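# Working through the structure, step by step
Spelled out, the chains give:
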Amino acid sequence: MTESAFDAMMQSIVDGEPETAAALARRAIADGLDPLEAINRGFVPGVSQVGKAFGCGDAFLPDLVLAGEAMKAAIAVLDPELAKRGKQRQTLGNIVLGTIKGDIHDIGKTLVGTMLSASGFEVHDLGVDVPPERFAHKAREVGAVIVGVSALLTTTMVNQRSVLEALDDIGLRPQVKVMVGGAPVTRAYADQIGADGYAEDAIGAVAEAKRILGAG
Ligand code: HCB
């Protein structure tokens, strides 16, 4: 796969073209490219570029929406391929995953879920805008070993702490571990709120989940 193919993937996100993004994803699979490499070297640089432009006023909400839709179209093609590669592994435990209350960003969270299930975890994805208590009750219902909480906004990352409190309220701390992530979240922030783990990306989330459980 040439650099120009990765550039085309990036550009399809910047231009907000779901059909082009999906076609490039299909071609990547046909060419035998690792789907994760397509995501990390092709498509993610596109959302990063749009995010930066939005941050400094050079792009607007419709650009963000279109970039998100193009990214989703690419991931929808690559996702089954990622899952296929991780099939037939032993179950490492149940993980409850979701994007925190007030936040509807789900692309990264979904990717984390795919990689975790491809690596042998049973993932219960609660979706977006999830209240802290819902994470806790689902964790109890499925006997989760880890709760993964995503936040993409500085205004919603503060709610990640409430998930720890909600788990504590129903007696699930410290046995149920909490792993946080999302663009504004850092290891220092995770430590500050008392989370057990933090990951910068989906691959890191798998390694971190195993580390937390001592299964690394
Ligand atoms: Co959104 N948005 N957005 N957005 N958005 C961001 C996040 C900004 C950083 C853009 C900017 O200003 N530079 C910004 C947040 C600023 C801030 O708070 N500091 C922002 C804003 C402001 C907003 C709105 C408020 C805009 C508005 O309405 N005025 C609004 C908020 C809506 C809401 O949630 N209530 C909004 C809306 C949108 C959409 C709907 C248009 C769209 C989301 C579509 C969707 O998700 N279905 C969107 C998008 C696409 C973005 C950017 C461009 C990309 C996000 C993304 O998908 N990244 C983003 C800019 C950016 O992040 N660079 C921008 C790609 C994925 C793969 O990365 O970081 O999500 P990720 O996930 C990684 C990683 O963090 C980690 O692994 C993932 C996979 O590698 N990880 C975990 C994530 N969760 C984890 C959990 C774990 O346990 C472990 C690891």
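See the structure printed just above.
Keep in mind the model is a prediction, meaning the values are calculated, not measured. (Residues numbered from 1 in each chain as written. Predicted model: local features only at pLDDT ≥ 70, side-chain atom pairs only at ≥ 80, totals over all residues. Heavy atoms only, no water.)

## Quick notes on the overall build of the chain
Note the threshold: Each helix corresponds to a stretch of at least 4 residues labelled H or I by DSSP, and each strand to a stretch of at least 2 residues labelled E; elements are numbered beginning at the N terminus. The size measure is the radius of gyration over C-alpha atoms, and the globule rule it meets is 2.2 Å times the number of residues to the 0.38 power. Burial here depends on accessible area, computed with a 1.4 Å probe over protein chains only, as a share of the maximum for the residue type. Under 20% is buried, over 50% is exposed, and the range in between is partly exposed. Two residues form a contact once any of their heavy atoms are found within 4.5 Å. To measure how exposed things are, a 1.4 Å probe is used in the Shrake-Rupley method; for residues, cover is taken only from the protein chains shown. Only four residue types enter the tally: Lys and Arg on the positive side, Asp and Glu on the negative side, with His and both chain ends excluded. A single reference atom marks each charge: NZ on Lys, CZ on Arg, CG on Asp, CD on Glu.
Regarding its fold elements, the chain presents 10 helices and five strands. In summary, the chain has a C-alpha radius of gyration of 17 Å against a globular reference of 17 Å for 216 residues, a match within 12%. With respect to the three principal axes, the spread of C-alpha positions in the chain is 50 × 45 × 25 Å. Looking at the chain residue by residue over its 216 residues, the buried ones come to 45%. Taking all contacts inside the chain whose residues are at least 6 apart in sequence as the whole, residues at least 24 apart take part in 72%. About 10400 Å² of surface is accessible on the chain, with carbon and sulfur atoms providing 52% of the total. A gap of 7 Å separates the mean positions of the 20 positive and 28 negative side-chain charges of the chain.

## Side note on the site of the ligand
Our working definition: We call a residue near a molecule or strand as soon as one heavy atom of that residue lies within 4 Å of the molecule or strand. The term polar contact refers here to a pair of N or O atoms within 3.5 Å; inside protein, the definition further demands a hydrogen-donor-capable atom paired with an acceptor-capable atom, and it admits residues adjacent in sequence only when both atoms are side-chain atoms. When residues are sorted by character, Ala, Val, Leu, Ile, Met, Phe, Trp, Tyr, Cys and Pro go into the nonpolar class, Asp, Glu, Lys and Arg into the charged class, and all the rest, Gly among them, into the polar class.
Lining the immediate surroundings of the ligand are 32 residues, of which G51, I104, H105, D106 and S150 lie closest. S150 places a side-chain nitrogen or oxygen 2.8 Å from a nitrogen atom of the ligand. Between the ligand and the protein, one listed contact pairs an oxygen atom with a backbone N or O atom of A202 at 3.1 Å. Only helix 3 (35-55), helix 4 (61-85), helix 5 (107-118), strand 3 (146-150) and strand 4 (177-181) provide two or more residues apiece to the shell around the ligand. Residue contributions to the shell around the ligand peak at five residues, all from helix 4. Here the residues of the shell around the ligand are counted per class, giving 16 nonpolar, 11 polar and five charged.

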